[in-house]
Amino acid sequence: MTAIDELTREHDLVVNLIGDVRAAHGADVARMAELARRMAAVLGPHTEVEEHGLFPVLAGEFPEHVVALEGEHRRIEAVLGEAADGVPADPTWPQRLLDTLGLLRDHILKEQDGVFPAALATLGADDWNAVDAVRSRVGTLLPASH
């Protein structure tokens, strides 16, 4: 499986989890927090691969885009991270999570439609080896595909 295929599969999993969070909103904040932790667990290694594998190569040609995407990563991580130890006490958290998941959904589209095609066109063999080395270091939470 290529690095982009794996990143795309992670995006697909996160999009499904976003749907689950939306379904739980208003009825089950504990379930929302559990799903936020699952998303954070998937996005941790995913973000490492992007920020330490893809983005350094793309930053030369697309510096503003890379900075913006990294900023979005930090905002998403912050809200997901509020659920790291259980259900956040802040009563605004469920709505802030939904708002952040809207940002995450848009972010995924930017990566799928912009970053990944740019990476496929820009990265050379050594760059892909570096991406694969990051993935080997951070691992994945995805089941093996057949």
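Residues numbered from 1 in each chain as written. Predicted model: local features only at pLDDT ≥ 70, side-chain atom pairs only at ≥ 80, totals over all residues. Heavy atoms only, no water.

(A) Here's a closer look at helix α1 (residues 3-24). Under the 1.5 Å per step criterion, the end-to-end length of α1 is 32 Å for 22 residues, consistent within 8% with the ideal 32 Å. Taken together, the buried positions of α1 are Ala3, Ile4, Glu6, Leu7, Glu10, His11, Val14, Leu17, Ile18, Val21 and Ala24. In an axial view of α1, the angular spread of the buried residues amounts to 150°, which keeps them on one side of the axis. The exposed set on the far side of α1, more than 90 degrees from its buried face, consists of Asn16 and Ala23. Gly26 lies just past α1 and shows a positive phi near 90°. (Helix = DSSP H or I, 4+ residues; strand = E, 2+ residues; numbered from the N terminus. Expected span 1.5 Å × (residues − 1). Buried < 20%, exposed > 50% of the residue type's maximum accessible area, 1.4 Å probe, protein only. Arc of directions from axis to C-beta.)

(B) Looking closely at the layout of surface pockets. As a volume, the largest pocket reaches approximately 190 Å³. Lining the largest pocket we find Phe55, Leu58, Phe62, His65, Val66, Ala68, Leu69, Lys110, Gly114, Val115 and Ala118. In terms of residue class, the lining of the largest pocket is made up of eight nonpolar, two polar and one charged. (1 Å grid on protein atoms, 1.4 Å probe; cavity = no way out; pocket = protein on both sides within 12 Å on 5 of 7 lines; lining within 4 Å. Points joined across faces, edges and corners; volume = space filled by probe spheres on them. Nonpolar A, V, L, I, M, F, W, Y, C, P; charged D, E, K, R; others polar.)

(C) Structural context of the nonpolar core. If you look at the biggest cluster of nonpolar residues, it comprises 22 residues, and the most contacted ones within it are Met39, Leu97 and Leu104. Where this core is concerned, the elements lending two or more residues are α1, α2 (29-58), α3 (63-81) and α4 (93-122). The dominant element in this core, judged by the number of residues it contributes, is α2, at seven residues. Apart from residues lying up to four places away in sequence, Leu97 is in contact with Val21, Met32, Ala36, Val79 and Leu80. (Core = buried A, V, L, I, M, F, W, Y, C linked by side-chain atoms within 4.5 Å. Contact = heavy atoms within 4.5 Å.)

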